[in-house]
Each structure stands twice: as structure tokens, then as C-alpha cells.
Amino acid sequence: MRNNTVSAREITISGRALHRQAGLALHYPADFSIAIFDAQKDIHLIMAWDQEGNQCPLAAVDRRLEDVHRFWHQAERAYFEPDAFRLAIQAAIQTARQVSFVLQKNKALIPDFEEWYKGWQSKLATIPLMRWMVKARNQIEKQGDLEAHSFVSAEIVASHLGEGPSVQVAANLSDAPLALLKSIPDSLLREHIKKDGVLRIRRRWIENSLPDTELLDAVAIAYGHLSILVRSAHEQIGGVSLSSTDSNTGQKFAAGDQEGRLPCMIGHEDARTLDIWLATGNPIELELIQKKLGQEEIMGDRPKLEKRYGSSPPPMTFDIGKIHEYTRSLFASVRRVFEKDGNHMMMAILFRNGKPLGVHELRPAEHGHKFIMMRTLAQQAQKLRADASVIISEAWGAPESPTNPYIRAVKSPYRKEFLTITAVSKNGDPIHLSAEILRDGKKFALSDTIEHVNSAPFAFAPLYEVWKKPIPDHWRDVSKGTDGVL
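Residues numbered from 1 in each chain as written. Predicted model: local features only at pLDDT ≥ 70, side-chain atom pairs only at ≥ 80, totals over all residues. Heavy atoms only, no water.

It is worth spelling out the overall build of the chain at this point. Across its full length, the chain holds 12 helices and 16 strands. Within the chain, the proportion of its 486 residues that are buried is 49%. When contacts within the chain are restricted to residue pairs at least 6 apart in sequence, long-range pairs at least 24 apart make up 71% of them. Of the roughly 23500 Å² of accessible surface on the chain, a fraction of 50% belongs to carbon and sulfur atoms. (Helix = DSSP H or I, 4+ residues; strand = E, 2+ residues; numbered from the N terminus. Buried < 20%, exposed > 50% of the residue type's maximum accessible area, 1.4 Å probe, protein only. Contact = heavy atoms within 4.5 Å. Areas by Shrake-Rupley, 256 points an atom, 1.4 Å probe, with all protein chains shown as cover.)

This is how it looks when you write it as C-alpha cells:
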């Protein structure tokens, strides 16, 4: 593992330098880690086959769609190589256009093709991005290269809400990101940002005629629309729908999932992002530690847990719509663990349709690290199509200070310690349960559980954002420096 430590003032916002440093975002020190289940390795597209095992009649269309996916990843890998990126992204755009051409070439295979395809043409024509893809392909083939430019976006992250100052500049201008901090007037807010804030630097490729959308995202979204079109074509001929599979886990992804995009084409900005902790000027690096447990290993631990805590571990699944009942049951088990051990690790569980996608232990070394950690968790939720999350934590709480609104609860003379659990979901109301931790030397106990329905700390804002769920107005009124639950 590389151990590159650079101060914020030594950062060069240029292609190769940022590439080397952005690579740091893939490795993290041992004192700050988040264990994340990653089911997205080696995702690849497979062509549909009929029930007799014969190759799909639309295999040529399938191959063109897979070629778009392949060129997209070539562009992703070449993000900091301007010429290689230009070649790969333009090849992806040209090939995307060929998907519909090849589909029309095979129209004899598709029943009622004219009426079916006319409907799809009308639908895709209403999507501005798809109209841009047509124009972009024509420009590449008839006029020359796209007018793509590399930019650096920089923002200061000092809250779980995405409300910090930000700027986008040409990639060769290195002073603008650091000027963000200087632009904040002296105040308690400035002190809070300097202590707990993170400078997030991210490189982006933008095309002149599509100024509001990053190029990789644009092609990924277009791929999604085309994959749904191709799936519809398979259904029209009565064949098996196109799908993708994870070669490690065997997990399949239907073409309509994530609006047609593959999980590997979502949340790809981490590889081109550098996070600098403003308190030290050092990069923040998350260590991703993964451990897969088999059913036998899980069941083998059950007798030990029953003997230590006096009861069986709670089930890890819940019926759809029953997350509140599940959370109450889980917190009862969490209480037993704490009452036996005197502590409980910080844990996050992501769910889809009531089934866990992984259990994540969160280990923030500093308060400011939590801002990045929750954004990372939300990104994983987006990749894995999670629709619910439960977080267990020990936390400090304190009344708001009118004279110092950004004081953290742990610094308040009126602080109290709590054991908490919070569940949020894409379509339901949140629920928050807590019990005050009572300590007397080496002795410890928990007060009665207090429950709040339709209440959750604003630390969950990144999850709400990826779910496109409205953020409650009262979250924006909470002091950004307080700990809350997280």
C-alpha cells in the first residue's frame, strides 16, 4: 500500500498528479474503516438464450450493447489520460448509436416491428440526453472530436447535508479549491469547518453542448435507456430478457434495474475524488475490509451467542413494510449485548426487500470523517439498490447551545451518552430508539427505551438524496456541529 502523505497546499490539480493522489481514495488507514459488502466485482453482460439453450436471435444486438459497456469501462480507466479517454468515450457514443441500427437490421425477427419500434422512437425522442447522443455521434463521424474539457470541482464538506461552498474550475487551476476556505468569514462556522471539514476535490469531463452532465454519467444513463429498449425487443420476440450477472456471486441484475444501468456504472466518481481533512491537510483514506460468512460459520456461532447473551440472535430479515417491528426487536437484542459487554460497535445494515445486503462495522477516527463515511454508505446503497438501512451506535447528545451552535455534544458540559438505533427506508417513515447509558465507575446500565417514530438524525441525508426522498425541513435547522446519533 502506498503511503503518500501530502499537505493541502502541495496538491496539484492536474491530470496525472490528481490521478496518483485520487488512487489514495481506494486505501484507508486501519484506524478509520468501513466494512462494505461489494457485490459488483466482475459484472459482465450475458446474452439471452432460449429454453433449449440456443443462442438468442438478437445476439448481434446484445453484442453491440455489451460493446458500449466495455468502451465505457475503458473510458473510466483512462479518465486521467485525455487522448485515451477521448477515444474510448467517443467509441462508446458511436457504438451506442449502432445498437438501434443493428436492431433495425434485424427487424424481420421482431413481430409487429414497425408499430413497436415507432413507440420506442417517440419515447426516446422525448429524452434530451438521448437526442444529445444522436447529435454527438453525428459530430464525431462528420465534423470531428467532441469539445470535451476537464474540470475540477471542489467543495467543503462540513455537514451531512450537501450545502457547503463549492466551485468548478479548469483542471489546470490549482489555487481555486484552497481559496474556498479563505472565502468563509471568520466565525464559529469557520472554526467548525477548519476542525471537522473536508475538502473534496473531484475531476470531471464536460462536453460543451452538455454542460450540466459529466460525460461518463451521460453515457451510462444512455446505456440504461438502450438496455431497456433491448430488453423490450427480447420480450417482443418472446425470448428471455437480457440480464447481467456477477461472476463471483452469481447475482443477476435485470435490464430494468437502476433505470437500465449496471451497478458498476453507478457511483464511479470515487476513483476520481480526493478528500483532504482540513485539520491536518492529509488525505482521508477509507479501508474497505470485506469478510464473507457462510451459513455453516454463522450457525456455528449461534450457541456461543446464546450462552453469552441468554437468547438467540434476532433474525436478519423482515417482512416488507415491517421495518419498525424489526427495529424494535433488534434494539432489544442490542440492549442485551450492551448490558453484558458495556459497549456496542457502530454498525450499519443495508437491506433490499427486507433482506440484508451486508453488515458494516463503521470506525470513524475523527468527527469529520463521518461526513465522508455516510456518503460512502449512501453510494453503496445506490449501487446495491438498497431500500432501507439500520444503524446502531453509541452517541453523545446535548441541548443546543445558543451561544455556540456548532459545539459538538461531546464537548458540552450537559452531554449525555446514549445507545441508539435508527432505521430509515426509501418508502416509509423513519424510527429512532434510544436508551441513556448510565455509568458509575466500572458499573453501567441502560435507562428505559425511548421511541420516536418519523424521526431520524440528519446524518441520514445522503441516503435520502440517493433515494430521491425529500429531506425534512427540520434537518436543515439542526446545528451542523452537533453529534446527534452519528
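This next bit is on the packing of helix 2 (residues 59-77) against helix 3 (residues 82-105). Between helix 2 and helix 3, the least distance of the axes is 8 Å, while the angle of their chain directions is 165°. Classed by the angle they form, the pair helix 2 and helix 3 counts as roughly antiparallel. Between helix 2 and helix 3 lies a crossing of left-handed hand. Residues Ala60, Val61, Arg64, Leu65, Asp67, Val68, Phe71, Trp72, Gln74 and Ala75 of helix 2 form the contact with helix 3, whose own contacting residues are Phe85, Ala88, Ile89, Ala91, Ala92, Thr95, Ala96, Gln98, Val99, Val102 and Leu103. (Axes fitted to C-alpha atoms, helices over the stretch in contact; angles between N-to-C directions. Parallel < 35°, antiparallel > 145°, perpendicular 65-115°, else oblique. Left-handed = near helix turned anticlockwise from the far one by under 90°.)

This next bit is on the nonpolar core. Note that soluble globular proteins tend to have their nonpolar side chains buried in a common cluster. Ranked by internal contacts, the top residues of the largest apolar core, which has 50 residues, are Phe85, Ile93, Leu103, Trp116 and Trp132. Within the residue set of this core, elements represented by two or more residues are helix 2, helix 3, helix 4 (113-125), helix 5 (128-142) and helix 8 (215-236). A per-element tally of this core places helix 8 first, with 12 residues. Residues contacting Leu103, with those up to four places away along its chain left out, are Val61, Ile110, Phe113, Trp116, Tyr117, Leu229 and Ala233. Ranked by size, the runner-up nonpolar core spans 23 residues in total, among them Ala456, Phe458, Leu463 and Ile471. (Core = buried A, V, L, I, M, F, W, Y, C linked by side-chain atoms within 4.5 Å.)

Attention now goes to the packing of helix 3 against helix 5. Close contact between helix 3 and helix 5 brings their axes to 9 Å; oriented N to C, the two are set at 115°. Comparing their axes, helix 5 and helix 3 come out roughly perpendicular. Here helix 3 and helix 5 pass one another in a crossing that is left-handed. In this structure, helix 3 contributes Gln90, Ile93, Gln94, Ala96, Arg97 and Phe101 to the contact, and helix 5 contributes Trp132, Met133, Val134, Ala136, Arg137, Ile140 and Glu141. The class makeup of the residues in the contact of helix 3 with helix 5 is eight nonpolar, two polar and three charged. (Nonpolar A, V, L, I, M, F, W, Y, C, P; charged D, E, K, R; others polar.)

Secondary-structure assignment places His432 in strand 14 (residues 431-440). On the basis of relative accessibility, which here comes to 10%, the residue His432 falls in the buried class.

Turning our attention to the packing of aromatic side chains. Tallied over the entire structure, the rule returns 10 aromatic pairs. Where Phe113 meets Tyr117, the ring centres are 5.1 Å apart and the plane angle is 15°; that geometry is what we call stacked. Placement of the pair is Phe113 and Tyr117 together in helix 4, with a separation of four residues, close to one helical turn. The two residues Phe113 and Tyr117 agree in class, both being buried. The interplanar angle of 80° and the centroid separation of 5.5 Å between the aromatic rings of Tyr326 and Phe351 together place this pair among those described as edge-to-face. Of this pair, Tyr326 sits in helix 10 (residues 323-341) while Phe351 sits in strand 10 (residues 347-352), and the two are 25 residues apart along the sequence. For the pair Tyr326 and Phe351, a shared accessibility class is recorded, and that class is buried. Above the plane of the ring of Trp396 lies Arg415, whose end atom (NZ or CZ) is 5.1 Å from the centre. (Phe/Tyr/Trp six-rings, centres within 6.5 Å; stacked < 30°, edge-to-face > 60°. Lys NZ or Arg CZ within 6 Å of the ring centre and 35° of its normal.)

Of the residues in the chain, 68% reach a pLDDT of 70 or more, and the chain-wide mean stands at 74. Mean pLDDT across the secondary structure elements of the chain bottoms out at strand 1 (residues 33-34), with 26, and peaks at helix 4, with 93. Taken together, the stretch residues 478-486 has pLDDT below 50 and engages in 43 contacts with residues farther than four places along the chain or on a different chain. (pLDDT = per-residue confidence, 0-100.)

On to the pattern of salt bridges, then. Inspection of every chain in the model, using the stated rule, returns 11 salt bridges. Here Glu66 ties to Arg70 by a salt bridge, and the two come within 3.5 Å at their closest N and O atoms. Taken together, the positions of Glu66 and Arg70, both in helix 2 and four residues apart, correspond to about one turn of that helix. Judged by its relative accessible area of 17%, Glu66 is buried. Looking at Arg70, the relative accessible area reads 40%, which means it is partly exposed. In this structure, a network of salt bridges that share partners links the residues Glu66, Asp67 and Arg70. (Salt bridge = Lys/Arg side-chain N within 4 Å of Asp/Glu carboxyl O.)

The next point concerns helix 11 (residues 369-384). Under the 1.5 Å per step criterion, the end-to-end length of helix 11 is 23 Å for 16 residues, consistent within 8% with the ideal 22 Å. Counting buried positions over the 16 residues of helix 11 gives 15, a clear majority of the element. Once helix 11 ends, the next one or two residues include Arg385, with phi positive near 60°. (Expected span 1.5 Å × (residues − 1).)

In this model, Asn353 sits at a positive phi of 55°, which is unusual for a non-glycine residue. We note that Arg385 has phi near 60°; this positive angle belongs to a residue other than glycine.

The subject of this paragraph is the environment of Asp196. Mapped onto the secondary structure, Asp196 falls in helix 7 (residues 188-196). Taking the C-alpha atoms as reference points, Asp196 and Val157, separated by 39 residues in sequence, lie 8.7 Å from one another.

All right, on to the pairing of strand 11 (residues 355-363) then. Judged from the six bridges that link them, strand 10 and strand 11 form a sheet pairing that is antiparallel. Bridge assignment links Leu350 to a residue of strand 11, and that residue is Gly358. Where strand 10 folds back on strand 11, the antiparallel hairpin that results is connected by two residues, among which Asn353 adopts a positive phi of roughly 55°. (Pairing = 2+ DSSP bridges.)

This paragraph deals with the pairing of strand 13 (residues 416-425). The buried count for strand 13 comes to eight of 10 residues, which makes it a mostly enclosed element. Pairing analysis gives 10 bridges linking strand 12 (residues 388-397) to strand 13, with the strands arranged antiparallel. Paired with Ala388 across the two strands is Ser425, which belongs to strand 13. Here six bridges tie strand 13 to strand 14, and the two strands are oriented antiparallel to one another. When the bridges of strand 14 are listed, Phe418 appears paired with Glu436. Turn length for the strand 13-strand 14 hairpin, with the two strands adjacent in sequence and antiparallel, is five residues.

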